[in-house]
Amino acid sequence: MLAKLNNPIWVMSSAYDKLSLDELITTSKEVGAQGIDLCVFRKDGTREDHTATHLDYESFSPEDAKRLVEKFNVAELSLSLGAFENMIGGDPEQRVKNQNHLLRLIRIAHLLGGDRNDVKVGTFVGYNHDLGNEIDGFQKNLEEYKRVFEPIVKYAEDLGVTIVYENCPMEGWRSARYTSTYNNLPAVLAARKLMYALIPSKAHGEIYDPSHDIWQNVDPVEVMEQMDIDRLKRIHVKTTRNLKTKARVEWGGMYPMQHVDVSLAEQAGITIPQHDWDRHHYEAMLPGFGGTDHMDWNDFVAVLHRRGFDGPFEIENEAKNSKDTGNLAATNQGFANCIRFLSPLLWELDSEKGYVFQRRSYLEEPAVKDIPEVTIAELR
């Protein structure tokens, strides 16, 4: 089935962590977006990279939901929610807080209309390295995933909400002194297929980000060919330029750089990581902004349309020459140029306006009763 060219292009709000919600909405309209994936991280969370909290999630009520839907309809924008944390590993106390926060966001999504309004809830799964270091560690992580997420997915399903997993390996989530950089279970297609086999519910799917597969030497076009396309709810628009460095030759393109004694590295004349995220040899980019990358966007979009994907393309701006400059104008330029780059691929040509998105519907006003928050302990 060939999808009609009319995919909306959204902004992921992590790039605008210093803006208020109203400022975020105004800016998203100015750069030309049709929706916002609202990052709603815990205010007391432990992550320090690419986080934002653009919704007052505490004591969120049905009245708050109605006001938020009205605000987005006035702006002619759609929305989703997300907070991306380690749900099955890491510090046990933080792990439970992350699980409870995900449940909180599922409730909020329900109050906002859930799947009827295409309000999904984005999350990571994370990885449990205590289990992973044991024999059959990957299998044990799959089993831990099922133990933790089966009641969460059932809760979402009962409320008419879909959870979506992002495929970033989170390669810098632990110290560079650790050997492995596999820190998020759904980082590869095989894992995601296994996850759906363990929990067959349709109330979970994925946000696919091609940039992570590029530096792992995997063709995103082939991934889209082999995946269950019904599970795909969002595309993260971010890309990668694989760097031709001395370090890539020394360590290879398949394995992360390893930390060794500094004086020994100097004596041997080899490169070692300069920080926790300096493990692989790539640079995050936005398509259409600041040069070419190692992604064929024409073929990628073509296979998505051939397979019937008509969902949002969400721009996740982590580009070195845009968001990472700390310059708001450069951040805005990155988003705006990226939208211009994508528009001929995703929208039909209008005789007067050029390539333009055709908005056909608005968010429905939620008509749901209030429900109390629940905790993971209450679901088991």
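Bear in mind that the values here come from a model prediction, so they are computed numbers and not experimental data.

Trainee: How do you make sense of the overall build of the chain when you look at a structure like this?
Mentor: If you tally the helices and strands in the chain, you get 13 helices and 12 strands. Principal axes of the C-alpha set define a box for the chain whose edges measure 65 × 55 × 40 Å. Expressed as a percentage of the 380 residues in the chain, the buried residues total 56%. Total accessible area computed for the chain in this model is approximately 16900 Å², and 50% of it derives from carbon and sulfur atoms. Within the chain, one finds 43 positive and 59 negative side-chain charges whose respective centroids are separated by 2 Å.

Trainee: For this particular structure, what's the right way to read the layout of surface pockets?
Mentor: Regions of empty space are outlined by a rolling probe, equal in size to a water molecule, passed over the atoms. As a volume, the largest pocket reaches approximately 800 Å³. Forming the walls of the largest pocket are 36 residues, and the residues nearest its centre are Glu171, Trp277, Tyr282, Ala284 and Asp324. For the lining of the largest pocket, the elements supplying multiple residues, two or more each, are helix H7 (210-215) and strand E9 (282-285). A per-class count over the lining of the largest pocket returns 13 nonpolar, 11 polar and 12 charged. A volume near 660 Å³ is recorded for the second largest pocket. Considering the residues around the second largest pocket, the lining is formed by 29 residues, among which Pro8, Asp118, Asp310, Gly311 and Ser361 are closest to the centre.

Trainee: Can you walk me through helix H11 (residues 297-306) in this structure?
Mentor: Think of an α-helix as turning once every 3.6 residues; residues three or four places apart then point the same way. Residues of H11 that are buried: Trp297, Phe300, Val301, Val303, Leu304 and His305. Residue Asp296 occupies the N-cap position of H11, its side-chain oxygen lying 3.2 Å from the main-chain nitrogen of Asn298. Positioned one or two residues after H11, Gly308 has a phi angle of 95°, which is positive.

Trainee: What is the right way to read a negative patch on the surface from this model?
Mentor: A surface patch of like charges, here negative, comprises Asp219, Glu222, Asp296 and Asp299. In this structure, Asp299 sits in helix H11.

Trainee: Explain the packing of helix H5 (residues 137-158) against helix H6 (residues 189-198) here, please?
Mentor: The description of two helices packed together rests on the angle between their axes and the distance between the axes. Closest axis-to-axis distance for the H5/H6 pair is 10 Å, and the angle between their directions is 45°. Judged on the interaxial angle alone, H6 and H5 are oblique. When you trace H5 past H6, the crossing you get is right-handed. Contacts from Phe138, Leu142, Tyr145, Lys146 and Glu150 of H5 reach H6 at Ala191, Leu194, Met195 and Leu198. The residue makeup of the contact of H5 with H6, split by class, is seven nonpolar, no polar and two charged.

Trainee: Teacher, can you tell me more about the nonpolar core here?
Mentor: The tendency in soluble globular proteins is for nonpolar side chains to be buried side by side. Formed by 103 residues in total, the largest nonpolar core has its most connected members in Leu38, Phe72, Ile106, Leu112, Phe149 and Met224. The element contributing the most residues to this core is H5, with eight residues. Contacts of Phe149, omitting those with residues within four sequence positions, involve Met87, Ile88, Leu102, Thr123, Phe124, Val125, Tyr165 and Ile199.

Trainee: Looking at this model, I keep getting lost on empty space enclosed by the protein. Mind explaining?
Mentor: Counting across every chain of the model gives one cavity of 30 Å³ or more. Estimates place the volume of the largest cavity at around 60 Å³. What lines the largest cavity is simply Arg42, Ala83, Glu85, Met87, Asn98, His101, Leu102, Leu105 and Thr123. In terms of residue count, the dominant contributor to the lining of the largest cavity is helix H3 (residues 92-111) (four residues). Split into classes, the residues belonging to the lining of the largest cavity amount to four nonpolar, three polar and two charged.

Trainee: When you look at the domain arrangement of the chain in this model, what are you seeing that I'm missing?
Mentor: Often, the extent of an interface is quoted as the loss of accessible area on bringing the components together. By the assigned domains, the chain splits into domain 1 (9-239 + 285-355) and domain 2 (244-280). Computed from C-alpha atoms alone, the centre-to-centre distance between domain 1 and domain 2 is 30 Å. With 15 residues of domain 1 at the contact, the number on the domain 2 side is 10 residues. Regarding the contact of domain 1 and domain 2, the summed buried area is about 1100 Å², with carbon and sulfur atoms giving 53% of it. Looking only at domain 1, the three residues that lose the most surface to domain 2 are Gly172, Ala176 and Trp215, adding up to 39% of its buried area.

Trainee: What is the right way to read the UniProt feature "domain: Xylose isomerase-like TIM barrel" (unreviewed entry) in the chain from this model?
Mentor: In the UniProt entry, the feature "domain: Xylose isomerase-like TIM barrel" (unreviewed entry) is given for residues 29-324. A distance of 22 Å separates the end C-alpha atoms of residues 29-324, which is 36% helix and 13% strand.

Trainee: Teacher, can you tell me more about the pairing of strand E5 (residues 163-166) here?
Mentor: Regular strands show a simple pattern: their side chains alternate between the two faces of the sheet. Where burial is concerned, the two faces of E5 agree: the one with Ile163 and Tyr165 and the one with Val164 and Glu166 are both buried. In terms of strand pairing, strand E4 (residues 121-123) meets E5 through three bridges, oriented parallel. Counterpart to Gly122 in the pairing with E5 is Val164. Handedness of the β-α-β unit built from E5, H6 and strand E6 (residues 204-208) comes out right-handed.

Trainee: For this particular structure, what's the right way to read the packing of aromatic side chains?
Mentor: By convention here, two paired aromatic rings are described through the distance between centres and the angle between planes. Under the counting rule described, the total for this entry stands at 15 aromatic pairs. Joined through ring pairs, the aromatic side chains of Phe41, Phe84, Phe124 and Trp173 make up one cluster. One cation-aromatic arrangement involves Lys43 over Tyr57; the distance from NZ or CZ to the ring centre is 5.6 Å. Lying over the aromatic face of Tyr178, Arg174 brings its terminal NZ or CZ to 3.8 Å of the ring centre.

Trainee: I'm lost on the pattern of salt bridges in this one. Help?
Mentor: Any two side chains of opposite charge can pair, given that their charged atoms come close. Evaluated as defined, the whole model comprises 26 salt bridges. A salt bridge links Glu144 to Arg147; the nearest nitrogen and oxygen atoms lie 2.8 Å apart. Within this pair, Glu144 and its partner Arg147 are both found in helix H5, separated by three residues, close to a single helical turn. Judged by relative accessible area, Glu144 falls into the buried class, the value being 13%. Each of Asp115, Asp118, Lys120, Arg234 and Glu314 takes part in a single network of salt bridges with overlapping partners.

Rules of the game
Residues numbered from 1 in each chain as written. Predicted model: local features only at pLDDT ≥ 70, side-chain atom pairs only at ≥ 80, totals over all residues. Heavy atoms only, no water. Helix = DSSP H or I, 4+ residues; strand = E, 2+ residues; numbered from the N terminus. Buried < 20%, exposed > 50% of the residue type's maximum accessible area, 1.4 Å probe, protein only. Areas by Shrake-Rupley, 256 points an atom, 1.4 Å probe, with all protein chains shown as cover. Lys, Arg positive; Asp, Glu negative; His and termini not counted. Charge placed at Lys NZ, Arg CZ, Asp CG, Glu CD. 1 Å grid on protein atoms, 1.4 Å probe; cavity = no way out; pocket = protein on both sides within 12 Å on 5 of 7 lines; lining within 4 Å. Points joined across faces, edges and corners; volume = space filled by probe spheres on them. Nonpolar A, V, L, I, M, F, W, Y, C, P; charged D, E, K, R; others polar. Polar contact = N/O pair within 3.5 Å; in protein donor to acceptor, adjacent residues only side chain to side chain. Patch = residues over 30% accessible without salt bridge, like charges linked within 9 Å, V, L, I, M, F, W, Y side chains within 5 Å. Salt bridge = Lys/Arg side-chain N within 4 Å of Asp/Glu carboxyl O. Axes fitted to C-alpha atoms, helices over the stretch in contact; angles between N-to-C directions. Parallel < 35°, antiparallel > 145°, perpendicular 65-115°, else oblique. Left-handed = near helix turned anticlockwise from the far one by under 90°. Contact = heavy atoms within 4.5 Å. Core = buried A, V, L, I, M, F, W, Y, C linked by side-chain atoms within 4.5 Å. Domains from an automatic or database assignment. Buried area = accessible area lost by both parts, 1.4 Å probe. UniProt positions renumbered as here; feature names shortened; annotations may be inferred. Pairing = 2+ DSSP bridges. Right-handed = clockwise from strand over helix to strand, strands pointing away. Phe/Tyr/Trp six-rings, centres within 6.5 Å; stacked < 30°, edge-to-face > 60°. Lys NZ or Arg CZ within 6 Å of the ring centre and 35° of its normal.

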